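Structural overview
Single-letter residue listing:
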Amino acid sequence: MVQIHATHSDSLCDDVCATCENIRKRVVGALEEEEKLEATDAYGDHIRRAKVVITY
Ligand SMILES: [Zn+2]
């Protein structure tokens, strides 16, 4: 299943796919700094993959 990412940017934005939404919830709900960094990292990874998908 491939999500279509219409409005991805390098920062957390309002109009995102389900994966972004999940990661954003992790960032917002993170209690520890390490947890937050991990979620932010996952987001960056997701964005890179999304851009690859768009390029193809
Ligand atoms: Zn996304």
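Re the overall build of the chain
Along the chain, the regular secondary structure elements total 2 helices and 0 strands. When burial is assessed residue by residue, the chain has 12% of its 56 residues classed as buried.

Brief notes about the environment of C20
Assignment of secondary structure puts C20 in helix α1 (residues 18-29). Taking C-alpha positions, C20 is 6.8 Å from Y43, a pair spaced 23 residues apart along the chain.

Concerning the nonpolar core
Core analysis: the largest hydrophobic core is formed by 5 residues, namely C20, I23, Y43, I47 and A50. Of all the elements in the fold, those that place two or more residues in this core are α1 and α2 (33-55). The dominant element in this core, judged by the number of residues it contributes, is α2, at 3 residues.

Points about the environment of H46
Among the structural elements, H46 can be located in helix α2. By C-beta crowding, H46 is classed as partly exposed, having 19 other C-beta atoms within 10 Å. As a C-alpha pair, H46 and T19 span 27 residues in sequence and 8.0 Å in three-dimensional space. Beyond its immediate sequence surroundings of up to four residues, H46 is in contact with T19, C20 and I23.

What about the environment of T40?
With respect to the secondary-structure elements, T40 resides in helix α2. Overall, the presence of 16 C-beta atoms within 10 Å leaves T40 in the partly exposed class. Separated by 16 residues in the primary sequence, T40 and R24 have C-alpha atoms spaced 8.1 Å apart.

Cut-offs and rules
- Every residue gets a number counted from 1 within its own chain, in the order that chain's sequence is written.
- Only residues with pLDDT of at least 70 are given local features in this predicted model, and only at 80 or more are side-chain atom pairs given and counted; all residues enter the totals for whole chains, interfaces and linings.
- Starting at the N terminus, helices and strands are each numbered in turn, a helix being any DSSP run of H or I of at least four residues and a strand any DSSP run of E of at least two.
- The exposure scheme places C-beta atoms from the backbone and then counts, for each residue, the other C-beta atoms within 10 Å of its own, assigning buried at 20 or more, exposed at 12 or fewer, and partly exposed in between.
- Linking buried Ala, Val, Leu, Ile, Met, Phe, Trp, Tyr and Cys residues through C-beta atoms within 7 Å yields a set, and such a set is a nonpolar core.
- Each residue is represented by a C-beta atom placed from its backbone, and any two residues with such atoms within 7 Å are regarded as in contact.

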